[in-house]
Amino acid sequence: MYRVWLWATLWWLPACLAQGAQQAVFAGGSFWVMEALFSDRPGIERVETGWMQSGPGTARRQVVRVHYNDAMLTYGDLLTLYWQAVDIHDGEGQYCDRGREFTPALYVRNALQLKWARQSRARLALAGERTPAVRILPSAEFEPAASRHQDYQARHPLLYFAYRRMCGYPDGGAFSLHPLLTGRSPASGQ
């Protein structure tokens, strides 16, 4: 009986690890806003706030690490949300948050994410008149933010609402996982 259980476990475990939980890392200004954008959506299991720096001489940015179920969502779906929420032409920060820490970037973890990121950014560049300022960088070590920065919107809804509104970030309520890259520009609102 033990051998059957061991064999079944060894057969089943790699299949579970190969499919299901995946990770993606996004920088788009305030990590509180990015966390609120991705949280509580179907297929997203957990969102963590933190910092990432892809190498010496590169900016240390506020980021979110999104844990998602790739049986329900693709990395492209997550990019759809991201492109709707950031000002793709602002390479100096996002909305009222200025400086290197708040500059937008996609931190890719593998060749497939790199392909998706490049193709979606190129498509947005073709749809607009200017090149997007969002950088595509290799993922590095994720440094979690202090617990006071995790789940900020849920723990401090009034403070978060006031911050987001005063800063000019879109509320994200109308953002959807439906394909954005069908000829519409996120800035056009069409």
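Cut-offs and rules
- Residues numbered from 1 in each chain as written.
- Predicted model: local features only at pLDDT ≥ 70, side-chain atom pairs only at ≥ 80, totals over all residues.
- Heavy atoms only, no water.
- Pairing = 2+ DSSP bridges.
- Helix = DSSP H or I, 4+ residues; strand = E, 2+ residues; numbered from the N terminus.
- Polar contact = N/O pair within 3.5 Å; in protein donor to acceptor, adjacent residues only side chain to side chain.
- Buried < 20%, exposed > 50% of the residue type's maximum accessible area, 1.4 Å probe, protein only.
- Contact = heavy atoms within 4.5 Å.
- pLDDT = per-residue confidence, 0-100.
- Expected span 1.5 Å × (residues − 1).
- Arc of directions from axis to C-beta.
- Core = buried A, V, L, I, M, F, W, Y, C linked by side-chain atoms within 4.5 Å.
- Salt bridge = Lys/Arg side-chain N within 4 Å of Asp/Glu carboxyl O.

## Some points on the sheet that holds strand S2 (residues 44–52)
To summarise the sheet geometry, strands pair through backbone hydrogen bonds and adopt either a parallel or an antiparallel arrangement. The six strands lie next to each other as S7-S6-S1-S3-S2-S8, forming an open sheet whose pairing is mixed. Every interior strand has two partners, whereas the edge strands, strand S7 (135–138) and strand S8 (143–144), have only one.

## With respect to the side chain of Ser120
Residue position: Ser120 is located in helix H4 (residues 111–127). In terms of polar contacts, Ser120 uses its side chain to reach the side chain of Trp83, at 3.0 Å.

## Description of helix H3 (residues 75–85)
When you tally the buried positions in H3, you get 10 out of 11 residues, the bulk of the element. Where H3 is concerned, the buried positions are Tyr75, Gly76, Leu78, Leu79, Thr80, Leu81, Tyr82, Trp83, Gln84 and Ala85. Among the structural elements, strand S1 (21–27), helix H2 (31–38), S2, strand S3 (61–69), strand S6 (105–108) and H4 are those in contact with the buried residues of H3.

## Thoughts on the confidence of the model for the chain
Parts of the prediction with low pLDDT should not have their coordinates interpreted in detail. Per-residue confidence for the chain gives a mean pLDDT of 84; residues scoring 70 or more make up 83%. Here residues 180–190 is modelled with pLDDT under 50, and outside its nearest four sequence neighbours on either side it reaches 12 contacts, counting other chains as well.

## Describing H4
Owing to its 3.6 residues per turn, the α-helix aligns residues three or four sequence positions apart on the same side. Counted at 1.5 Å a residue, the expected span for H4 with its 17 residues is 24 Å, and the 24 Å between its end C-alpha atoms agrees. Of all the residues in H4, the buried ones are Gln113, Ala117, Ser120 and Leu124. Across the axial projection of H4, the buried residues extend over an arc of 75 degrees, all falling on one side. Facing away from the buried side of H4 by over 90 degrees, the exposed positions are Ala111, Leu112, Arg118 and Leu126. Contact partners of the buried residues in H4: S1, S3, H3, S6 and S7. For H4, the N-terminal capping position is held by Asn110, with its side-chain oxygen 3.1 Å away from the main-chain nitrogen of Leu112.

## A short note on the nonpolar core
Phe26, Phe38 and Leu106 are the most contacted members of the largest nonpolar core, which has 37 residues in total. Listing elements by their share of this core, those giving two or more residues are S1, H2, S2, S3, H3, S6, H4 and helix H6 (157–167). Those residues in contact with Phe26 that lie beyond four places of it in its chain are Phe38, Gln62, Val63, Val64, Val66, Tyr75, Leu78, Leu79, Tyr82, Ala105 and Leu106. Counting residues in hydrophobic clusters, the runner-up holds eight residues, among them Ala27, Ala105, Tyr107 and Phe142.

## Notes on the pattern of salt bridges
Side-chain pairs of opposite charge can arise whenever the charged atoms involved come near each other. As enumerated under the stated definition, the model contains four salt bridges in all. Here Arg46 makes a salt bridge to Glu48, at a shortest N to O gap of 3.5 Å. Between Arg98 and Asp90 there is a salt bridge; the shortest N-O distance is 2.8 Å.

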